[in-house]
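The residues making up each chain are set out below.
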Amino acid sequence: KIKALAKFFGADLVKIGPLKQEWSYSHVGCTIGNRKGYPEWGTPIDLSRHTHAISMGFHMNLDLNACAPYFPTLLATAQAYAISAWTAVRLATYIRMLGYSARAHHFSNYQVLAVPVAVDGGLGELSRAGYLVTKEYGLAVRLSTVTTDMPLMNDNPVDIGIQTFCQQCKICAEECPSGAIPRGEKTVHNGIMKWKLDEKKCYAYWHVNGTDCGICMAVCPWTKPPTPFHRFTANLASVKGPHQRWLAWAERAVYGRHKPKPFPGFIEKN
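Numbers given to residues run from 1 along each chain, matching the order in which its sequence is written. Thresholds applied to this predicted model are a pLDDT of at least 70 for local features of residues and 80 or more for the giving and counting of side-chain atom pairs; totals over whole chains, interfaces and linings are not thresholded and use all residues. Note that the side-chain values use all heavy atoms of the structure and ignore hydrogens as well as water.

## Things to note about helix 4 (residues 114–121)
With six of its eight residues buried, helix 4 lies for the most part within the structure. Every buried residue belonging to helix 4 is among Ala114, Pro116, Val117, Ala118, Asp120 and Gly121, and all of these are buried. Any two residues whose heavy atoms approach within 4.5 Å are treated as being in contact. Secondary structure counts use DSSP, requiring at least four H or I residues in a row for a helix and at least two E residues in a row for a strand, with both numbered from the N terminus. On the buried face of helix 4, the contacting elements are strand 1 (13–18), strand 2 (52–59), strand 5 (132–133) and strand 6 (141–148). Directly beyond the C-terminal end of helix 4, a positive phi value near 85° is found at Gly122. For every residue, the accessible area obtained with a 1.4 Å probe (protein chains only) is divided by the maximum for its type, and the residue is called buried under 20%, exposed over 50%, and partly exposed between those limits.

## Focus on the packing of helix 1 (residues 2–9) against helix 3 (residues 71–97)
Note on definitions: angles span 0 to 180 degrees between N-to-C directions of axes, and those axes are lines fitted to C-alpha atoms, for helices only across the stretch in contact. Remark: helix 1 packs on helix 3, axes separated minimally by 9 Å, with the N-to-C direction vectors making an angle of 145°. Classified by chirality, the crossing of helix 3 by helix 1 is right-handed. Of the residues in helix 3, those touching helix 1 at Ile2, Leu5, Ala6 and Phe9 are Thr87, Arg90, Leu91, Tyr94 and Ile95. Residue classes follow a fixed rule: Ala, Val, Leu, Ile, Met, Phe, Trp, Tyr, Cys and Pro count as nonpolar, while Asp, Glu, Lys and Arg count as charged, and any other residue, Gly among them, counts as polar. Along the lines of polarity and charge, the residues of the contact of helix 1 with helix 3 split into seven nonpolar, one polar and one charged. For any helix crossing, the convention is left-handed if the near helix is rotated counterclockwise from the far helix by under a right angle, and right-handed if that rotation is clockwise.

## What to know about empty space enclosed by the protein
Unfilled space is identified by rolling a water-sized probe across the atoms. Space inside and on the surface of the protein is sampled on a 1 Å grid over the protein atoms alone, with a cavity defined as a set of points where a 1.4 Å probe fits but cannot get out and a pocket as an open set with protein on both sides within 12 Å along at least 5 of 7 lines; lining residues have an atom within 4 Å of a point. Grid points are joined across faces, edges and corners, and a volume is the space filled by probe spheres set on the points. Throughout the structure, instances matching the rule amount to three cavities of 30 Å³ or more. The computed volume of the largest cavity comes to approximately 110 Å³. Lining the largest cavity are 14 residues, and of these Cys176, Ile181, Cys202, Cys213 and Cys216 lie nearest its centre. Only helix 7 (199–209) and helix 8 (215–219) provide two or more residues apiece to the lining of the largest cavity. With three residues, the top contributor of residues to the lining of the largest cavity is helix 7. Each residue belonging to the lining of the largest cavity can be placed in one class, and the counts come to 12 nonpolar, two polar and no charged.

## Focus on the pattern of salt bridges
Take a side-chain nitrogen of Lys or Arg and a carboxyl oxygen of Asp or Glu: if they are within 4 Å of each other, that pair is a salt bridge. Within the structure shown, the criterion is met by nine salt bridges. Of the charged contacts, one joins Asp155 and Lys3 as a salt bridge, the two residues approaching to 2.9 Å between their closest N and O atoms. Of this pair, Asp155 sits in the loop between strand 6 and helix 5 (162–168) while Lys3 is found in helix 1, placing the two residues 152 residues apart along the sequence. Using a relative accessible area of 18% as the deciding quantity, one classes Asp155 as buried. When its relative accessible area of 30% is taken as the criterion, Lys3 is described as partly exposed. The partner of Glu174 in a salt bridge is Arg252, and the shortest N-O contact between them spans 3.1 Å. Within this pair, whereas Glu174 is found in helix 6 (residues 171–175), its partner Arg252 is found in helix 10 (residues 243–255), the two being separated by 78 residues in sequence. The class for Glu174 is partly exposed, based on a relative accessible area of 32%. The class for Arg252 is partly exposed, based on a relative accessible area of 21%.

## Observations regarding the environment of Pro228
With respect to the element layout, Pro228 can be found in helix 9 (residues 228–237). What makes Pro228 exposed here is its relative accessible area of 59%. Sequence separation of Pro228 and Lys201 is 27 residues, and the distance between their C-alpha atoms is 37 Å.

## Structural notes on the pairing of strand 3 (residues 102–105)
Residues Ala102 and Ala104 of strand 3 are buried on one face, and the alternating residues Arg103 and His105, pointing to the opposite face, are buried as well. Pairing between two strands requires that DSSP report at least two bridges joining them. When strand 3 meets strand 6, the two strands line up antiparallel, connected through four bridges. Across the sheet, Arg103 pairs through a bridge with Thr147, a residue of strand 6.

Right, here's the structure in full:
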């Protein structure tokens, strides 16, 4: 019922997993404090009562995202974040109406790390680019979360072949204009073996560019329209093996280097 309602509200993907307390922030760090109903900056966070996390994915507009690194990709991001916030708030409200504790976590109001929580719930896997990759939508997905003490059945983490695929494919790293995405092997960061995104380089490029970037999302082989051909390719890419490298090569051969697509007609390019 919870998953069906989340999808009715607007979520494209919904999974449920355990809420591990190491994925909760320790203190409020967003800058929207001092508004009525919001805790002030630096307020301690305590989600120990919540045992489950409902992770929701929202598909971004691929036509807008293909204009990266220019303004339309920001519009795609903002649209997905707006729907994700609206969905999370309504779902949390519904759960509280049933008598349980629940909190919505969305853009600018997170108290949990949405990506590792989503990985634990089986929504997707962590990629070389540092984002969550889903089998359905690749990197073009935005997340919101509802944590709760409502007794729920957990989904299992998934293995869709991302770790071995990203090992072979370095397209996002090669296309990253700031060099923020590592081209080498995984390293240990905060006790976790992963490809560590250099968030300072990434964010610095945003400032220079004047808007979001989104190139890594646009060029990822997994970020494709859900056509029968691409669904077949995604199923093939999910199987570990040397063919994953061939698929990455085929991606380059067919699509080449990233070239931003023209702006849609309703956006004026200055």
